[in-house]
Amino acid sequence: KIFSLRSQTGALLGRIAEKLAEMCLALGEYPYVRFKASNPYSTKLAYLLQEALNALVRRHPLFKYHGQDSSAERSTLLILLRTEDLVTPMAHDFTLQAAVRDMLEENIDGDTYTYEVQLRSGRSR
């Protein structure tokens, strides 16, 4: 969605950054944000996220986060494109249903799989 709507990319990345910041607040995290600087989308999202996190911490002065007393315990949030992340495909659901949906997605409508069979008479069904 980000790459297909270039005119709305800034607004979309802003919404993503706000949602990620709210999630971090709910989890009690104020992470270090790391990204690949050569990618403009990762860079923009990282800066927007850092701004959103800083704003949330300023708005909530009583917010306690992991690692507040010691920087060694503070979490790190990585912003990567799918092409840069080699671990996520390995963590994909290894269920039969997930595999079937991934491999045959154009033939599945809801929970119905549609296919054609060639009969001996030469007709397809």
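You'll find the structure just up there.
Cut-off values and rules
- Residues numbered from 1 in each chain as written.
- Predicted model: local features only at pLDDT ≥ 70, side-chain atom pairs only at ≥ 80, totals over all residues.
- Heavy atoms only, no water.
- Helix = DSSP H or I, 4+ residues; strand = E, 2+ residues; numbered from the N terminus.
- Buried < 20%, exposed > 50% of the residue type's maximum accessible area, 1.4 Å probe, protein only.
- Contact = heavy atoms within 4.5 Å.
- Areas by Shrake-Rupley, 256 points an atom, 1.4 Å probe, with all protein chains shown as cover.
- Expected span 1.5 Å × (residues − 1).
- Pairing = 2+ DSSP bridges.

J.: Can you walk me through the overall build of the protein in this structure?
T.: When its secondary structure is counted, the protein shows three helices and four strands. Reading the protein from its N end, one meets helices and strands in the order α-β-α-β-α-β-β. Relative to its full complement of 125 residues, the protein shows a buried share of 24%. Counting contacts in the protein only where the partners sit at least 6 residues apart, residues at least 24 apart contribute 61% of the total. Carbon and sulfur atoms make up 55% of the accessible area of the protein, which totals about 9900 Å².

J.: What's the story with helix α1 (residues 9-27) in this structure? I'm lost.
T.: Helical geometry note: an α-helix holds 3.6 residues per turn, so side chains three or four residues apart project in the same direction. Relative to the 27 Å expected for 19 residues at 1.5 Å per residue, α1 spans 27 Å between its end C-alpha atoms, a close match to the ideal helical length. Here α1 has its buried residues at T9, L12, L13, A17, A21 and C24. On the buried face of α1, the contacting elements are α2 (40-59) and β2 (76-79). Where α1 ends, the next residue or the one after it, G28, has phi of about 75°, a positive value.

J.: Which parts of the structure should I look at to understand the pairing of β2?
T.: Every other side chain in a regular strand lies on the same face of the sheet, so the side chains alternate between the two faces. Burial along β2 is one-sided: the face carrying L77 and I79 is buried and the face carrying T76 and L78 is not. As judged from the four bridges shared by strand β1 (residues 32-35) and β2, these two strands associate in the parallel manner. Opposite Y32, over in β2, you have T76 as the bridge partner.

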